[in-house]
Every structure is written in C-alpha cells, then in structure tokens.
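Understanding the architecture of this molecule
One letter stands for each residue in the lines below.
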Amino acid sequence: MNWYEKLNQYFPIEEMKSKEHMEALLKERADIYHKDEGKNHVMMYAELDDFIFIDYIFVSKDARGEGLGHKLLEKLKKKGKPIILEVEPVNYEDSDTEKRLKFYQREGFKHADSIGYERRSLATNEVNKMEILYWAPQNESEKDIYDAMIKTYKMIHTYKDKELYGESYQPAAEVLTLDGEGKNKNIFDELS
C-alpha cells in the first residue's frame, strides 16, 4: 500500500486532499512541503521560517503504542518552532478521536480555543468543523497561531484548488475566525 492509500484509509474524505494536490505540493512547493515516510508511518508537513504545520500524521495500527508518533513529533520539536495541526472534535462513536487528543495533550499541545475553523468540503459539500492544536516553544500567542493558519490555508490547503478540483475553497477569512475571548470550549476539558 502506498503512502496516499494509507492516509486515504485513515482520514475521512472531507479532510483528504487529492493525491494530485499533495503530489503538486511535494513537487512544486518542495521548499516547504515534505513527506516523512516509513514502513509504519506517513507524515506530511509544511515547514516555514517561523512555524511547522502537520498536514497529516498516520501511524499504522501495528506500530501504535511503540512511541513512533512521539519520535516523529520530537524530530519536529527539535527545530524550535511552533507546531500546528488540525484535529476533529471528539466523536464518542469514534474512540480514535479521544485517543488522538490524549496523545497530543501528553505531547504538550494546547487547544487554540480562540480560533474557529469551519470549511466546506469540496468532496462532500458539507461544512466540516475542525479544532486547532499547537505546540508553542516560545509561548507564542493564539494570534500568532491564527496568522500561521491563515498562511497555511492560503499556501497549502487552497494551492491550485480551482485547477485541481474544478472549484475553489472558501476564502481564509470565511473559514478561520479569531475570537479574542476564547469562547470555544477547550477540547482537552472534555476528555475523560
């Protein structure tokens, strides 16, 4: 099974970029977009001067609990930049969502509860709500994380979207919101 098939089996359709989209990023944005692949993992990420965005991280069921996810994150943490990623809200019908959140919590990630993120999927046409998690080695603010997410959305998520999908994703200002009050619930508080 190739790297894309592994990701495609694990991530819901509304969160997946097309293979063509990821291959275009790997080829045409090779300066920032990277693939770290091994027998039991695939990690797709963008590294910019001031932050890292993890687009996808997959560890095979066979290797879970062996510290592979921790090692992958440690490799990125050594770069000393904030690390940002998107996760689904807790779904009690899917125990993986809670396990995933607990894993990131153990790894020192915080929930950006002042950042809202809702995007219409081009694959399903449904609005997909995601949560933003971040690791901030210099105590970067949620405003810094928000600015990095806007940059990620424009450079990675919507890269050649019209050409690749036949239509464009919504503009960043419609998808990402910043609420200085942090009114959203902290998703880590919901974990049992």
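Reference entry: report on the structure contained in this document.

**Quick look at the overall build of the chain**
- When its secondary structure is counted, the chain shows seven helices and eight strands.
- For a compact globule of 192 residues, the expected C-alpha radius of gyration is about 16 Å, and the chain comes in at 16 Å, within 12% of that figure.
- In terms of overall dimensions, the chain has a C-alpha envelope of 40 × 40 × 35 Å along the principal axes.
- Looking at the 192 residues of the chain, the share that counts as buried comes to 51%.
- For the chain, contacts bridging at least 24 residues in sequence account for 65% of all contacts bridging at least 6.
- Of the charged side chains in the chain, 30 are positive and 39 negative; the average position of the first set lies 4 Å away from that of the second.

**Quick look at the environment of Glu5**
- Relative to the assigned elements, Glu5 resides in helix α1 (residues 3-10).
- Glu5 sits 36 residues away from His41 along the chain, and the two C-alpha atoms are 12 Å apart.

**Topic: the pattern of salt bridges**
- All chains considered together, the criterion is met by 16 salt bridges.
- Arg120 is the partner of Glu167 in a salt bridge, and the nearest nitrogen-oxygen pair spans 3.7 Å. One end of the pair, Glu167, is in the loop between α6 (161-165) and α7 (172-175); the other, Arg120, is in strand β6 (residues 115-120), with 47 residues separating them in the sequence.

**What about the environment of Ile132?**
- Counting through the fold element by element, Ile132 comes out in strand β7 (residues 127-135).
- Here the alpha-carbon distance between Ile132 and Ile115, two residues 17 residues apart in the chain, equals 7.0 Å.
- Beyond its immediate sequence surroundings of up to four residues, Ile132 is in contact with Ile84, Leu85, Glu86, Lys110, His111, Ala112, Ile115, Tyr117, Ile145 and Met149.

**Focus on unusual backbone geometry**
- Of note in the backbone geometry, Asn139 takes a positive phi value of approximately 55 degrees without being a glycine.
- Within the secondary structure, Asn139 is located in the loop between β7 and α5 (142-157).
- The exposure class of Asn139 is exposed, given its relative accessible area of 62%.
- Even without being glycine, Lys160 reaches a positive phi, approximately 50 degrees.

Basis of the calculations
Residues numbered from 1 in each chain as written. Predicted model: local features only at pLDDT ≥ 70, side-chain atom pairs only at ≥ 80, totals over all residues. Heavy atoms only, no water. Helix = DSSP H or I, 4+ residues; strand = E, 2+ residues; numbered from the N terminus. Rg over C-alpha atoms; globule rule 2.2 N^0.38 Å. Buried < 20%, exposed > 50% of the residue type's maximum accessible area, 1.4 Å probe, protein only. Contact = heavy atoms within 4.5 Å. Lys, Arg positive; Asp, Glu negative; His and termini not counted. Charge placed at Lys NZ, Arg CZ, Asp CG, Glu CD. Salt bridge = Lys/Arg side-chain N within 4 Å of Asp/Glu carboxyl O.

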